[in-house]
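Each chain, letter by letter, is given below.
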Amino acid sequence: MSIVLGPNQYGKAETRVVRVVRDGARHELRDLNVSVALAGDLAGTHLTGDNAAVLPTDTQKNTVYAFAKRHGIGEPEEFGLRLARHFVASQPSIGRARVSIEQYAWRRLGPHSFQRDGGENRTCLVTVDGADEWVVSGIADLVLLNSTDSEFWGYAKDEYTTLPETKDRVLATAVSARWRHASSEGDWAASYGGVRDALVAAFVETYSLSLQQTLYAMGRRVLEERPEIVEVRLALPNKHHLLVDLSPFGLDNPNEVFVAADRPYGLIEGTVLRSSVSPVDGAF
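Throughout what follows, the structure given in this document is the object of discussion. Keep in mind the model is a prediction, meaning the values are calculated, not measured.

What to know about the packing of helix α4 (residues 188-205) against helix α5 (residues 211-225)
Running from N to C, α4 and α5 cross one another at 140°; their axes reach a closest spacing of 8 Å. As the angle between them shows, α4 and α5 are arranged oblique. Here α4 and α5 pass one another in a crossing that is right-handed. Contact residues: V195, A198, L199, A201, A202, F203 and E205 in α4; T214, A217, M218, R221, V222 and E225 in α5.

Here's what the structure looks like:
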């Protein structure tokens, strides 16, 4: 029997770094959760325990902090690219670096006062693999709801189907979206804002016969409005709002009172991309 080492990577996960920019009385705040994963010629540490090619994960953590001070953070895509390029360029044994970042939003209350925003988080995943560089930006937990203009009927049925068809329902979801840039250079802030606006506008303006239809409309809108984006991957959980039966209390309920069920839930996932490009799974 022949046994070989398969694909592997290692790194420091979830390094929390907060950077305060104190240029004058008005401060700026960046709050990130940074995960690093390195891959390359690492057979020695797995097969014999030889750590000569291993850059300690503690060093990776320290690099995040040092770069936050030395270079600032700016846009998460920019910070991720700087880190990934550094690890590949500085370590002969490392051929690929992936840096995943979550950015937590803070709402300004004053020149140096902030309130943590409980809404969506901005994300990015940067991969540097030899001469190839991919930047995937994203958003997580963008909660959206349409109180009407949504139907669901005409679906397949079998002996276990109990769900009634509806021509008027609440459609709610918590959008997780990731989108691949055509280039590793760009105006990251403007691109993120534009993609977010396109996602929200498509959700609002689509008369939905299925959450799948809404997903495609959201991805298509991004590609139509943002030429720098070539591929969008979306995951839309269906946040079910179930009509409450008020008849025991002698009350009608014409689509007004619902229970928001958190689980189980339908999960709709899909990819929308330009016909001229191919999916790059290594980027995601």
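Anyway, onward from the coordinates.
Thoughts on the pairing of strand β7 (residues 132-146)
Here nine bridges tie strand β6 (residues 121-129) to β7, and the two strands are oriented antiparallel to one another. If you follow C124 over to β7, its bridge partner there is S137. As consecutive antiparallel partners, β6 and β7 are separated by two residues, and within that stretch G130 has a phi angle of approximately 65°, a positive value. Both β7 and strand β8 (residues 171-181) contribute to a ladder of nine bridges, which runs antiparallel.

A few points about the sheet that holds strand β3 (residues 94-103)
Pairing in this open sheet of eight strands is antiparallel, and the strands run β1-β2-β3-β6-β7-β8-β9-β12 from one edge to the other. Two strands in the sheet have a free side with no partner beyond their single neighbour: β1 (15-21) and β12 (266-273). Strand after strand, the sheet turns through a mean of 20° between neighbouring axes, direction not considered. Pairing of β1 with strand β2 (residues 28-40), which is carried by seven bridges, proceeds in the antiparallel orientation. Bridge pairing in β2 places R19 opposite R30.

A look at the packing of aromatic side chains
Summed over all chains, the structure comprises two aromatic pairs. Measuring from centroid to centroid gives 6.1 Å for W179 and Y192, while their planes differ by 35°, and the two rings are tilted. Of the two residues, W179 sits in strand β8 while Y192 sits in helix α4, which places them 13 residues apart along the sequence. Of the two residues, W179 and Y192, both sit in the buried class. Over the ring of Y155 we find K157, and its NZ or CZ is 4.6 Å from the ring centre. For the cation-ring pair, K239 lies above Y265, with the distance from its terminal atom to the ring centre recorded as 5.6 Å.

How each quantity is defined
- Residues numbered from 1 in each chain as written.
- Predicted model: local features only at pLDDT ≥ 70, side-chain atom pairs only at ≥ 80, totals over all residues.
- Heavy atoms only, no water.
- Axes fitted to C-alpha atoms, helices over the stretch in contact; angles between N-to-C directions.
- Helix = DSSP H or I, 4+ residues; strand = E, 2+ residues; numbered from the N terminus.
- Parallel < 35°, antiparallel > 145°, perpendicular 65-115°, else oblique.
- Left-handed = near helix turned anticlockwise from the far one by under 90°.
- Contact = heavy atoms within 4.5 Å.
- Pairing = 2+ DSSP bridges.
- Phe/Tyr/Trp six-rings, centres within 6.5 Å; stacked < 30°, edge-to-face > 60°.
- Buried < 20%, exposed > 50% of the residue type's maximum accessible area, 1.4 Å probe, protein only.
- Lys NZ or Arg CZ within 6 Å of the ring centre and 35° of its normal.

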